[in-house]
Amino acid sequence: MGTHIRHPMVDAVTAQVVRVDSRARVVRLSAPFADLLSRRRSRRRVVLVTSDRSRLTVGVRAALVDAGGTWAVHDDAGALRDGLTGLPYADVDAAGRPQEDPLAPVVPVDVPAAVGTAAQLSVDLTVLHRASHDTSLGGALEALGAAVSGSGPASWGSSEPLLHDWDRWVLTQHARHAAPETVRVVVEGPRLSGTVTARVTEHGIEETTAVTIDVPVSDPADGSAGPEEDARRALDAAISRLTEALSVIAGSSLPTFALVVAREGDVDRCVRAKTYPPPNPVALLIGAPSVKRLGLELSALPSTRPVVVVGRPRLPAYVVPLGDASTSGWDALHDTLDAVGPERLATMVATPLLQAWEEDLAEADLLHESAVDGAVGVAGAGRPREGEADDDDDQDDDEEAPPGAP
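Residues numbered from 1 in each chain as written. Predicted model: local features only at pLDDT ≥ 70, side-chain atom pairs only at ≥ 80, totals over all residues. Heavy atoms only, no water.

Below, the discussion takes up the confidence of the model for the chain. Across the chain, the average pLDDT comes to 81, with 78% of residues at or above 70. Confidence drops under a pLDDT of 50 for residues 356-364, and excluding neighbours within four residues, the segment shows 18 contacts in the predicted structure. Residue range residues 370-406 is modelled with pLDDT below 50. Its contacts to residues more than four positions away, or to other chains, number 76 contacts. (pLDDT = per-residue confidence, 0-100. Contact = heavy atoms within 4.5 Å.)

Written as C-alpha cells, this is what we have:
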C-alpha cells in the first residue's frame, strides 16, 4: 500500500500512518472501514481520528486493535490523545510510531470520567471444535448471554449495520466457506455486544468469543437494601451464573482458556474516550488442553477460594474464582498466572492454537473425547467417581456431543 492508495475511507497517507477521519457520534464498522482494516500490505498504522465526543462500537474497537491501529481523539482545544489509554500525542504521525522507550513513564492527560455507566461482565473464551459436519459455532456465546442476562445474540455480520439474524448454522457455514482465512464477525443482542472469531483448518475449528454482557439489576421485593448493595448482589449473582456456565461449557466442549472481567461500561456497550473505573477479573477457566500440556496439578494453584474441577475425569479443567463485587481479583489472577508460569502460558495462548496443539490433539484425540457429559465438582472431581470405569476401561471416546452443546 503506497502513497498512491485509493480507498474511500482514507483521508491522508503519510510516511507513518493511514489516516481516517470521522465526525460521526457513533463510529461503526462500515463495510469500507472493515475492508481497510483487513488489509495487511502496509507497515503504516491505521489511525482513526475523531473528536472526544465520538464513541466506537465493539466491532470497530475489535477490528482496529486486531489491525494494530490506533484511535486518536482531539478535544476542543486541539490537543490529541489516545482514545483508549489517554496517552498524549504530539500529532497524528506520533500515533503511528511505537513509544521509543516502552518502560519510560508516560502520564495520560486529564481525561474526564465516564458517567451513567452500568455493571457488565466481559468474557474472552477460546474453544476448540472437531472438524465435523455437525459442529456449529456460537453455542458458547448463547450460553454466556443466557447465564448473565437471560438473553442471547439477535444478529451478526462482518460489518455494521448487522444484516443477518442470529443463526448458528449460517454463521458456521460462513466460517467454513472462508477457510483457510480467519473470520471475525460482530454480534449484537438486547443485552450483549461482542465478536466471534473462527479459524477453520483440517485439524478442527478454533472459535474465540469476546463478549460484553449487561448485568441486570432487579428491584428487591422488600426494598431493604440500598441501590449500591442491590448492584453488588446482582453482580455476584451474575458472576455465579456465569461461572456455572463455564463449567457446563467445559463439560460439553473443549475450551482452552477463558477470563471473566467485571467492569463499568456505557449502557450501549460502546467505548468512549473517557476514564472508566478499573476492571476487576473475577474468574479464570484453564481448559483441559491447557491443563494437560502444562502438566498442571490442582495443588499448584494458590487460590484462596475453592477451585472447581470440571470436564470429564480424563480431561479435567479448572475454574478459578478470582474476585467479586466487593473484592479485587488482580492479586489472585497474578498469583495464579505466576503458578502456571507466564512464559509457558504465553506459548499456550499464542495463535493459532490448533497448530500449536496439533500433536497433543492427535495423540490423545482430545477433540473426540471432549464431546461427552463432564464431571462437575470441587477438588478431586477430576478423578473417576464411584462406580465409574477408570480411563483404561473407558470406551466412549467417540460419543457425539449432546444437542445444543457449544
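Another aspect to go through is the nonpolar core. If you look at the biggest cluster of nonpolar residues, it comprises 42 residues, and the most contacted ones within it are Leu 121, Leu 125, Leu 144, Val 187, Val 215, Val 260 and Leu 285. The greatest single-element share of this core, amounting to 8 residues, is contributed by helix H5 (residues 227-252). If we ignore the near neighbours within four places in the chain, the residues touching Leu 144 are Val 123, Leu 125, Val 211, Ile 213, Leu 242, Leu 246 and Ile 249. Core analysis: the next-biggest nonpolar cluster, separate from the first, contains 22 residues, Leu 37, Ala 114, Leu 162 and Val 186 among them. (Core = buried A, V, L, I, M, F, W, Y, C linked by side-chain atoms within 4.5 Å. Buried < 20%, exposed > 50% of the residue type's maximum accessible area, 1.4 Å probe, protein only. Helix = DSSP H or I, 4+ residues; strand = E, 2+ residues; numbered from the N terminus.)

Taken in spatial order, the 3 strands line up as S3-S5-S16 in an open sheet, and their pairing is mixed. The two strands at the open ends of the sheet, each matched to only one other strand, are strand S3 (26-27) and strand S16 (271-272). (Pairing = 2+ DSSP bridges.)

Moving on, we get to the packing of helix H3 (residues 139-149) against H5. Look at H3 against H5: their axes get within 8 Å of each other, and the N-to-C directions meet at 155°. The angle between the axes of H3 and H5 places the two elements in the roughly antiparallel class. Between H3 and H5 the crossing geometry is right-handed. Side by side, H3 and H5 meet where Ala 140, Ala 143, Leu 144, Ala 147 and Val 148 of the first sit next to Ala 238, Arg 241, Leu 242, Ala 245, Leu 246 and Ile 249 of the second. Per-class residue counts for the contact of H3 with H5 are 10 nonpolar, no polar and 1 charged. (Axes fitted to C-alpha atoms, helices over the stretch in contact; angles between N-to-C directions. Parallel < 35°, antiparallel > 145°, perpendicular 65-115°, else oblique. Left-handed = near helix turned anticlockwise from the far one by under 90°. Nonpolar A, V, L, I, M, F, W, Y, C, P; charged D, E, K, R; others polar.)

The next thing to look at is the pattern of salt bridges. For the structure shown, the criterion picks out 12 salt bridges. The closest approach of N and O atoms between Arg 19 and Asp 21, which form a salt bridge, is 2.7 Å. (Salt bridge = Lys/Arg side-chain N within 4 Å of Asp/Glu carboxyl O.)

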